[in-house]
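A closer look at the structure
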Amino acid sequence: MTLMKEPDLGTPAVAGEATVTVEIDGMPMTVPPGTSVMRAAAMTGIDIPKLCATDSLDAFGSCRLCLVEIDGRKGTPASCTTPVADGMKVRTQTPRVEKLRQGVMELYISDHPLDCLTCSANGDCELQDMSGVVGLRQVRYGYEGENHLDLLTDSSNPYFDFDASKCIACSRCVRACGEIQGTFALTIEGRGFESKVSAGGVDFMDSECVSCGACVQACPTATLQEKSVVELGMPTRSVVTTCAYCGVGCSFKAEMRGDQLVRMVPYKDGGANEGHSCVKGRFAFGYATHPDRELEPMIRESITDEWQVVDWDTAIEHTARKLLEVQAQHGPGSIGGITSSRTTNEEVYVVQKMVRAAFGNNNVDTCARVCHSPTGYGLKQTFGTSAGTQDFKSVAEADVIVVIGANPTDAHPVFASRMKKRIREGAKLIVLDPRTIDLVRSPHIQAQHHLRLQPGTNVAVVNAFAHVVVTEGLVDQDFVDARCEGFEEWAEFIARPENSPEATEAISGVPADELRAAARLYATGGNAAIYYGLGVTEHSQGSTMVMGMANLAMATGNIGRDGVGVNPLRGQNNVQGSCDMGSFPHELSGYRHVSDEAVREVFETLWGRPILPEPGLRIPNMFDAAIDGTFRALFVQGEDIAQSDPNTKHVTAALAAMDLVVVQDLFINETAKFAHVFLPGTSFLEKDGTFTNAERRINRVRPVMAPKTGMHEWEIPCRIAQAMGYEMSYDNPSEIMDEIAAVTPTFAGVSFEKLDKLGSVQWPCNDAAPTGTPIMHVDGFVRGKGAFVPTTFVPTDERSTRKYPLILTTGRILSQYNVGAQTRRTANVAWHPEDVLEIHPHDAEVRGIENGDMVSLASRVGETSLKAVISDRMPVGVVYTTFHHPVTGANVVTTENSDWATNCPEYKVTAVQVGLRTPAGPAQDVARQDIPMAVD
Amino acid sequence: MTHAVNPQVRLANEIAVQFHHRPTDEAAAAIAQHIKLFWDPRMKADLLRRAETEAASLDPLVLRAVTHLRP
Ligand code: SF4
Ligand code: SF4
Ligand code: SF4
Ligand code: FES
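Residues numbered from 1 in each chain as written. Chains lettered and ligands numbered in written order. Predicted model: local features only at pLDDT ≥ 70, side-chain atom pairs only at ≥ 80, totals over all residues. Heavy atoms only, no water.

Description of the overall build of chain B
- Looking only at helices and strands, one finds 4 helices and 0 strands in chain B.
- When the elements of chain B are put in sequence order from the N terminus, they spell out α-α-α-α.
- What you see for chain B is a C-alpha radius of gyration of 11 Å, in line with the 11 Å of a compact globule of 71 residues.
- Along the three orthogonal principal directions, the C-alpha set of chain B runs to about 35 × 25 × 20 Å. (Helix = DSSP H or I, 4+ residues; strand = E, 2+ residues; numbered from the N terminus. Rg over C-alpha atoms; globule rule 2.2 N^0.38 Å.)

Structure (structure tokens):
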């Protein structure tokens with residue numbers, strides 16, 4: 001593929017039917033009302049010169065380059081800001097407009113350094129292009145006059161430069177930061193000749209900028225330019241692929257020079273992101289080629305031995321032999337595997353197939369166990385399938401947005417930008433969170449209600465919401481009667497006095513009148529949509545809470561159309577996919593229980609091996625069984641369980657007790673310290689397959705280079721299975737997808753060919769929905785009728801005590817990802833050099849703690865130390881940290897408590913004590929440290 | 001550190017608490033059904049054993065549920 005330049009039609013598309021016909025240079029074109037003349041012209045194939053317009057931003061009309069003549073109108077209107085009118089006749093090339101355009105260009109160029117040949121944007125500069133287009137031949141004004149050529153370059157951002165001398169003050173960057181990203185970090189300072197772009201602070205790093213790259217993308221010149229382009233030169237080809245960080249699943253063009261990745265540019269046709277990105281996907285790809293990456297297989301007899309590098313054949317043979325030995329000695333159920341939410345659907349599918357067919361048991365689980373397994377359980381019980389109900393676009397139709405236990409601006413930034421846009425347009429916002437997350441108050445956004453509940457009281461609060469709906473007559477009875485079952489019993493339960501806001505206030509700390517107001521707004525404010533994150537799932541009642549939200553949505557009829565729904569925001573890129581692919585121990589692909597004989601038969605026929613009808617071990621059960629001695633060998637695909645799972649001591653004790661631990665990963669991680677076999681994995685730049693994002697969208701991941709390890713990751717489980725005596729092979733990953741489609745009804749219509757043709761599809765994709773299903777449960781629920789399930793609030797066992805008087809809750813921040821193995825190996829550390837403990841001023845003061853002090857953090861299971869940051873984002877009595885850095889090991893203190901239904905760990909509530917360790921001293925600097933800003 | 005309480009006992013008791021508000025028979029059946037759907041056979045076997053040997057450590061609802069789980 002050569003470098004792909006996407007068409008730019010100048011102004012955004014306008015929704016609606018094409019009813020207005022205009023004539024442009026004699027060519028007719030029919031477009032929706034409100035479309036600009038510029039866009040209509042571009043649609044006929046006529047590109048009107050432009051500089052300040054681009055189709056990702058509203059028209060601005062400042063550069064005056066796009067002037068046209070319109071029959072019957074005076075003057076030369078700007079085509080970007082002039083809407084079409086029926087019968088309009090437009091002339092885009094007349095001597096008059098040509099002369100005017102040349103004059104405009106002449107002024108621009110007279111204040112622009114003419115170093116085009118050595119400029120980093122040479123070949124990718126709209127100013128350069130436009131000079132050619134308008135036929136500029138002379139510049140009469142010399143450089144002697146006042147100009148901006150001596151302005152300095154701001155290189156403070158690790159990923160892009162701002163070379164002010166090249167700025168043409170078109171304000172595209174300013175508008176991109178506001179309209180697209182919603183951060184409003186940039187302004188144009190001054191007027192006329194004095195106007196210049198400013199990031200507010202001293203420089204970009206000192207400003208509100210979150211480094212999303214939207215301004216760099218929008219800049220028509222080399223003023224805002226990726227450092228990698230300055231260093232390496234313009235890329236020469238692009239490959240469309242998918243970000244491997246979070247569950248938003250943004251599409252990117254990986255722009256290459258030879259086999260070197262120069263930059264990642266968000267792809268306009270990407271269904272999830274439509275041309276936007278965040279700092280991780282846009283810039284933090286350096287880990288993929290980091291020197292720390294292991295590229296060769298290694299083995300060792302004991303975890304105290306040195307690693308011994310071996311070839312692939314030896315590693316595979318050794319692994320298979322050891323697995324068989326353990327089984328021979330301890331039984332078929334003594335081994336198992338863990339799949340990763342970071343790998344492709346195809347890679348996950350082959351691991352679970354290896355476990356079920358070659359290992360001959362159901363001991364396969366996914367790391368999604370520790371984040372979104374309650375989503376699977378809760379939505380399956382109520383709606384019938386384990387997935388969010390909407391596409392991301394749907395938020396543009398929401399009138400009331402409820403964000404529960406999620407922090408989209410940090411954890412799902414590109415979706416957050418869509419959400420913020422809708423809120424700026426007037427949608428109301430309700431936030432349920434102990435912390436004051438950024439969304440509560442940010443530029444042009446103010447939550448109508450921020451319900452600061454105590455950690456661990458979600459269910460009490462959602463029940464109180466539903467109580468208000470039921471007892472104040474706000475139920476959508478038509479919807480309930482037609483679409484749901486179990487309503488009477490549920491309504492009787494929820495109307496009980498113990499579920500009233502007045503009763504739950506004492507438990508949750510949420511004032512009853514505020515809760516009532518929020519519940520009324522949700523029920524009566526128009527389309528109401530719930531978005532939630534790990535602050536919902538990672539609790540002892542995580543599954544109950546998911547059902548509670550589903551009940552609420554059904555009772556108010558907020559399901560089955562645009563702008564409503566119940567939507568999990570998934571953490572890692574392929575959480576949805578890894579769950580879909582049958583990597584839960586009780587479910588085959590497509591969420592079908594192993595006890596279902598008809599389903600087992602499909603697999604048994606194709607695989608030629610029996611499938612056990614009883615569930616296998618879940619991850620926490622594997623650890624318990626390892627300590628018990630009945631589970632002795634584990635294959636771990638791309639997941640650092642020793643760092644990411646709770647109660648680290650328990651996990652490491654379990655790993656140390658095993659006879660064989662096989663780790664497949666990019667880096668020697670904490671888990672690999674307990675491994676006997678290390679199999680190097682591939683980065684997303686080498687993968688060929690699919691990821692499924694939080695809106696069920698299946699996106700292609702395309703390789704831009706050959707595997708650096710010499711082996712595709714999907715081949716590894718196949719080879720191990722073969723070496724264990726089970727025939728399992730594919731020529732390429734599209735054959736794996738074909739098999740997934742053959743055995744999974746919701747994927748029946750999916751193939752690489754279709755994905756390449758359509759870009760992406762959202763499952764279910766089958767004969768009934770050949771191009772996929774953006775919104776679910778439109779005419780009926782997947783399970784038939786939506787089921788109301790009573791959700792009694794049961795307080796967690798984890799309560800503050802005299803010894804551990806504070807509650808710790810954990811989360812993540814924008815610039816880092818999960819345990820940080822990738823982001824810590826990029827310049828993103830500029831924003832988050834270490835994990836810190838956020839503590840309320842009152843709690844700090846009574847302990848004699850000051851900003852920047854080293855403090856100890858202890859729970860009943862362990863202790864760690866980290867730096868304190870004093871912040872009133874937290875309520876009194878609650879402290880907060882992230883888990884991106886292994887030295888802190890926040891999970892040393894989290895406990896074995898878990899969701900009752902799924903054993904998803906209770907990361908969000910741990911009773912702790914905090915004490916002063918070493919005072920910071922006056923010189924300590926915590927200023928540049930991001931205050932961690934997430935619950936999710 | 002390992003857990004003081006046997007994991008199967010702890011997990012079963014945690015499930016039972018969620019069903020305390022339901023009528024006893026219904027609750028016991030629901031708990032048994034949950035365990036059938038989500039527990040590995042060795043965990044079930046261990047729970048059945050412990051219902052014999054350390055009944056006192058188990059929630060009475062779990063003991064009722066166990067009767068549904070016996071082969
Ligand atoms: S990188 Fe993003 S946040 Fe920063 S100034 Fe540019 S558009 Fe704004
Ligand atoms: S930095 Fe780029 S986008 Fe921003 S005003 Fe200058 S030229 Fe336009
Ligand atoms: S929002 Fe998520 S998927 Fe999109 S670029 Fe950022 S990390 Fe990648
Ligand atoms: S492109 Fe229309 S005024 Fe700049």
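Quick look at the sheet that holds strand 12 (residues 260-266) of chain A
Residues and elements named next belong to chain A.
- Strand order in the open sheet made by the 3 strands is 10-11-12, with antiparallel pairing throughout. Looking at the sheet topology across the chains shown, the edges are occupied by strand 10 (237-242) and strand 12. With strand direction ignored, the average angle separating the axes of adjacent strands in the sheet is 30°.
- As paired strands, strand 11 (residues 251-257) and strand 12 are joined by 6 bridges and run antiparallel to one another. Residue pairing for strand 12: A254 is matched across the bridge by M264. (Pairing = 2+ DSSP bridges. Axes fitted to C-alpha atoms, helices over the stretch in contact; angles between N-to-C directions.)

Topic: the packing of helix 1 (residues 7-18) of chain B against helix 3 (residues 41-53) of chain B
Residues and elements named next belong to chain B.
- Helix 3 packs onto helix 1 with a crossing angle of 90° between their chain directions and a minimal axis gap of 9 Å. When the axes of helix 1 and helix 3 are compared, the pair comes out roughly perpendicular. Across the interface between the two elements, Q8, V9, L11 and A12 from helix 1 touch M43, D46, L47 and R50 from helix 3.
- Here the residues of the contact of helix 1 with helix 3 sort into 5 nonpolar, 1 polar and 2 charged. (Parallel < 35°, antiparallel > 145°, perpendicular 65-115°, else oblique. Contact = heavy atoms within 4.5 Å. Nonpolar A, V, L, I, M, F, W, Y, C, P; charged D, E, K, R; others polar.)

Things to note about the packing of aromatic side chains
All names here are of chain A.
- Using the criterion set out here, one finds 17 aromatic pairs over all chains in the structure.
- Ring plane angle 70° and centroid distance 5.2 Å describe the contact between F487 and F788, whose orientation is recorded as edge-to-face. One end of the pair, F487, is in helix 15 (residues 487-494); the other, F788, is in the loop between strand 33 (786-787) and strand 34 (806-811), with 301 residues separating them in the sequence. One exposure class covers both F487 and F788, and it is buried.
- Among the aromatic residues, those joined into a ring-pair cluster are Y159, F160, F162, F204 and F283.
- Over the aromatic face of W307 sits the side chain of R300, whose NZ or CZ is 3.9 Å from the ring centroid.
- Taking NZ or CZ as reference, R483 lies 4.8 Å from the ring centre of F781, over its face. (Phe/Tyr/Trp six-rings, centres within 6.5 Å; stacked < 30°, edge-to-face > 60°. Buried < 20%, exposed > 50% of the residue type's maximum accessible area, 1.4 Å probe, protein only. Lys NZ or Arg CZ within 6 Å of the ring centre and 35° of its normal.)

A look at the side chain of S251 of chain A
- Here S251 of chain A shows up in strand 11.
- Sequence-distant contacts of S251 of chain A, defined by excluding residues within four places in its chain, comprise T241, P266, Y267, G270, G271, N273 and N699 of chain A.

Brief notes about the site of ligand 2
- Taken together, 14 residues form the shell around ligand 2, and within it C167, C170, S171, C173 and C219 of chain A come nearest.
- Its residues placed into classes, the shell around ligand 2 shows 10 nonpolar, 3 polar and 1 charged. (Near = heavy atom within 4 Å.)

Quick look at the sheet that holds strand 21 (residues 449-451) of chain A
All names here are of chain A.
- Strand order in this open sheet of 5 strands is 21-18-17-23-24, and the pairing throughout is parallel. Strand pairing shows two members of the sheet lacking a second neighbour, strand 21 and strand 24 (566-568), which therefore form its edges. The average angle at which neighbouring strand axes cross in this sheet is 15°, direction not considered.
- Packed on one face of the sheet, helix 17 (residues 512-524) meets strand 17 (400-404), strand 18 (428-432), strand 21 and strand 23 (528-532) and runs near 125° to strand 21.

Details of the interface of chain B and chain A
- Listed per partner, the contact involves 22 residues of chain B and 31 residues of chain A.
- Summing the contributions of chain B and of chain A, the shared interface buries around 2400 Å²; its carbon and sulfur component is 54%.
- Connecting chain B to chain A are 1 salt bridge.
- The shortest N-O distance in the salt bridge between E614 of chain A and K44 of chain B comes to 2.6 Å.
- Where chain B meets chain A, there are 6 residue pairs in polar contact (both at pLDDT 80 or more).
- Those elements giving two or more residues to the side of chain B that touches chain A turn out to be helix 1, helix 2 (24-38) and helix 3 of chain B. (Buried area = accessible area lost by both parts, 1.4 Å probe. Salt bridge = Lys/Arg side-chain N within 4 Å of Asp/Glu carboxyl O. Polar contact = N/O pair within 3.5 Å; in protein donor to acceptor, adjacent residues only side chain to side chain.)

A word on the site of ligand 3
All names here are of chain A.
- In the vicinity of ligand 3, the residues found are C243, Y245, C246, V248, G249, C250, F252, C278, K280, G281, P413 and V414.
- Those elements that place two or more of their residues in the shell around ligand 3 are helix 7 (279-283) and helix 12 (413-424).
- Taken together, the residues of the shell around ligand 3 sort by class into 9 nonpolar, 2 polar and 1 charged.

A word on the nonpolar core
Residue and element names in this part refer to chain A.
- Core analysis: the biggest nonpolar cluster contains 67 residues, and L186, L224, I401, M419 and L429 have the highest contact counts within it.
- Per-element accounting of this core gives the leading share, 4 residues, to helix 12.
- Split by domain, this core shows at least three residues from each of two domains, domain 2 (332-371 + 575-698 + 712-744) and domain 3 (373-568).
- Each residue touching L429, except ones within four places of it in the same chain, is listed here: I401, V403, I423, L439, I445, A447, Q448 and H449.
- Among the nonpolar cores identified, the runner-up in size contains 61 residues, and Y349, A368, V575 and I611 belong to it. (Core = buried A, V, L, I, M, F, W, Y, C linked by side-chain atoms within 4.5 Å. Domains from an automatic or database assignment.)

Side note on the side chain of N766 of chain A
- Within the secondary structure, N766 of chain A is located in the loop between strand 32 (760-762) and strand 33.
- N766 of chain A sits in the buried class, given a relative accessible area of 19%.

Here's the deal with the environment of E498 of chain A
Residues and elements named next belong to chain A.
- Position of E498 relative to the elements: it lies in the loop between helix 15 and helix 16 (501-508).
- Spatially, the C-alpha atom of E498 lies 9.2 Å from that of A460, the residues being 38 residues apart in sequence.
- Setting aside chain neighbours within four positions, we find E498 in contact with A503 and T504.

Some points on the pairing of strand 27 (residues 633-637) of chain A
All names here are of chain A.
- Across the 5 residues that make up strand 27, a large majority, 5, are buried.
- Residue alternation in strand 27 divides its side chains into two sets, A633, F635 and Q637 and L634 and V636, and both sets are buried.
- Judged from the 4 bridges that link them, strand 15 (residues 335-339) and strand 27 form a sheet pairing that is parallel. Opposite G336, over in strand 27, you have L634 as the bridge partner.

With respect to the packing of helix 16 of chain A against helix 17 of chain A
All names here are of chain A.
- As a packed pair, helix 16 and helix 17 sit with axes 8 Å apart at the nearest point and diverge in direction by 115°. Two packed elements cross with a definite hand, and for helix 16 against helix 17 that hand is right-handed. Contact residues: helix 16 offers P501, E502 and E505, while helix 17 offers A512, L515 and R516.
- Grouping the constituent residues of the contact of helix 16 with helix 17 by class yields 3 nonpolar, no polar and 3 charged. (Left-handed = near helix turned anticlockwise from the far one by under 90°.)

Points about the confidence of the model for chain B
Residues and elements named next belong to chain B.
- Averaged over every residue, the pLDDT of chain B is 87; the share at 70 or more is 94%.
- Taken element by element, chain B is modelled with least confidence in helix 1, mean pLDDT 89, and with most confidence in helix 3, mean pLDDT 92.
- Scoring of the predicted complex yields 0.89 for pTM and 0.92 for ipTM. (pLDDT = per-residue confidence, 0-100.)

A word on the pairing of strand 6 (residues 160-163) of chain A
Residues and elements named next belong to chain A.
- Burial along strand 6 is two-sided: the face carrying F160 and F162 and the face carrying D161 and D163 are both buried.
- Note that strand 5 (residues 153-154) and strand 6 share 2 bridges and pair antiparallel. Counterpart to T153 in the pairing with strand 6 is D163.
- As paired elements, strand 6 and strand 9 (residues 224-226) share 3 bridges and run antiparallel to each other. Pairing of F162 across the sheet is with L224, part of strand 9.

Things to note about the pattern of salt bridges
- The tally for this structure, following the rule as stated, stands at 53 salt bridges over all chains.
- One salt-bridge network, in which partners are shared between bridges, spans K5, E6, D124, E226, K253, E255, R263 and R282 of chain A.

A few points about unusual backbone geometry
Residue and element names in this part refer to chain A.
- Between W763 and P764 the backbone carries a cis peptide bond, its omega angle lying at 0°.
- Locating P764 in the fold gives a position in the loop between strand 32 and strand 33.
- A positive phi angle, near 45°, is found at D25, a position not held by glycine.
- Tracing the sequence through the fold places D25 in the loop between strand 1 (20-24) and strand 2 (27-31).

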